[in-house]
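Analysis of the macromolecular model
One letter stands for each residue in the lines below.
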Amino acid sequence: MTQYSVSGARKVLHRYHTLGLDGLGDGRADNLGAPTVLTEAEQQQFAARLRGDFDQGIVWSGKMVQDWIREHFGKTVYLGRTYEFMRLAGFSPQRPRPRHVGGNEADQEAFKSKS
């Protein structure tokens, strides 16, 4: 009837018995997420460097971000967090689609519709 498994229902009952009605609430509302790794000043410094390299045609990878943060700030970050820093700086981890090694540009242009 409640769509809870037996173990899930037991967890809810245990929370209710220990915390009362507060134990039945949604615990996600108080979850602030992972703590920030870079301070605001560090994030701005990183974003400025990222923009400068982007203007020169250099595209950063997550590994490059990881190494740069370790070198400049002495902090070790997981690879997944590096993409978060890139998005905060206004960049997304994108690369151009790969080209087929046997592709012929002239044939591809001729194949496209000329509408």
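Residues numbered from 1 in each chain as written. Predicted model: local features only at pLDDT ≥ 70, side-chain atom pairs only at ≥ 80, totals over all residues. Heavy atoms only, no water.

**Observations concerning the overall build of the protein chain**
Here is the rule we go by: In DSSP terms, a helix is any run of H or I states spanning at least four residues, a strand is any run of E spanning at least two, and both are numbered starting from the N terminus. C-alpha atoms define the radius of gyration in this analysis, and the globule rule sets the expected value at 2.2 Å times the number of residues to the power 0.38. Any residue under 20% of the maximum accessible area for its type is buried, any over 50% is exposed, and the rest in between are partly exposed; the area is computed with a 1.4 Å probe on protein chains only. Contacts were defined at the residue level, with two residues in contact if any of their heavy atoms lie within 4.5 Å. For the accessible areas, the method is Shrake-Rupley and the probe is 1.4 Å, while residue cover comes only from the protein chains on display. The convention is simple: Lys and Arg are positive, Asp and Glu are negative, and His and the chain ends are not counted. In this description, the location of a charge corresponds to atom NZ of lysine, CZ of arginine, CG of aspartate or CD of glutamate.
In terms of helices and strands, the protein chain carries five helices and zero strands. When the helices and strands of the protein chain are listed from N to C terminus, the series reads α-α-α-α-α. Relative to the compact-globule value of 13 Å for 115 residues, the protein chain shows a C-alpha radius of gyration of 25 Å, a clear excess of over 25%. Structurally, the protein chain occupies a C-alpha span of about 70 × 45 × 25 Å along its principal axes. Within the span of the protein chain, comprising 115 residues, buried residues form 21% of the whole. Restricting to contacts in the protein chain with at least 6 residues of sequence separation, those with at least 24 account for 48%. For the protein chain, the computed accessible surface area is about 9700 Å², with 55% contributed by carbon and sulfur atoms. On the protein chain, the mean spot of the 16 positive side-chain charges and the mean spot of the 13 negative ones are 6 Å from each other.

**With respect to the domain arrangement of the protein chain**
Interfaces are frequently sized by the accessible area removed from exposure as the parts join. Keep this limit in mind: The source of the domain bounds is an automatic or database domain assignment.
Taken domain by domain, the protein chain comprises domain 1 (1-31) and domain 2 (40-89). In this structure, domain 1 and domain 2 have C-alpha centres spaced 40 Å apart.

**Some remarks on the nonpolar core**
The following threshold applies: What makes a nonpolar core is a set of buried Ala, Val, Leu, Ile, Met, Phe, Trp, Tyr and Cys residues whose side-chain atoms join them at distances within 4.5 Å.
Ranked by internal contacts, the top residues of the largest apolar core, which has 14 residues, are F46, L50 and I69. Where this core is concerned, the elements lending two or more residues are α2 (40-55), α3 (62-73) and α4 (79-88). The dominant element in this core, judged by the number of residues it contributes, is α3, at four residues. Not counting chain neighbours up to four residues away, the residues in contact with L50 comprise W60, M86, A89 and F91.

**So, α3**
Cut-off, in case you're wondering: A helix is expected to reach a length of 1.5 Å times the quantity of its residues less one. Throughout, the arc means that of the directions going from the helix axis to the C-beta atoms.
Compared with the 16 Å implied by 1.5 Å per residue over 12 residues, the 16 Å span of α3 between its first and last C-alpha is a close match. What α3 keeps buried is the set G62, V65, Q66, W68, I69 and F73. Across the axial projection of α3, the buried residues extend over an arc of 170°, all falling on one side. Packed against the buried residues of α3 are α2 and α4.

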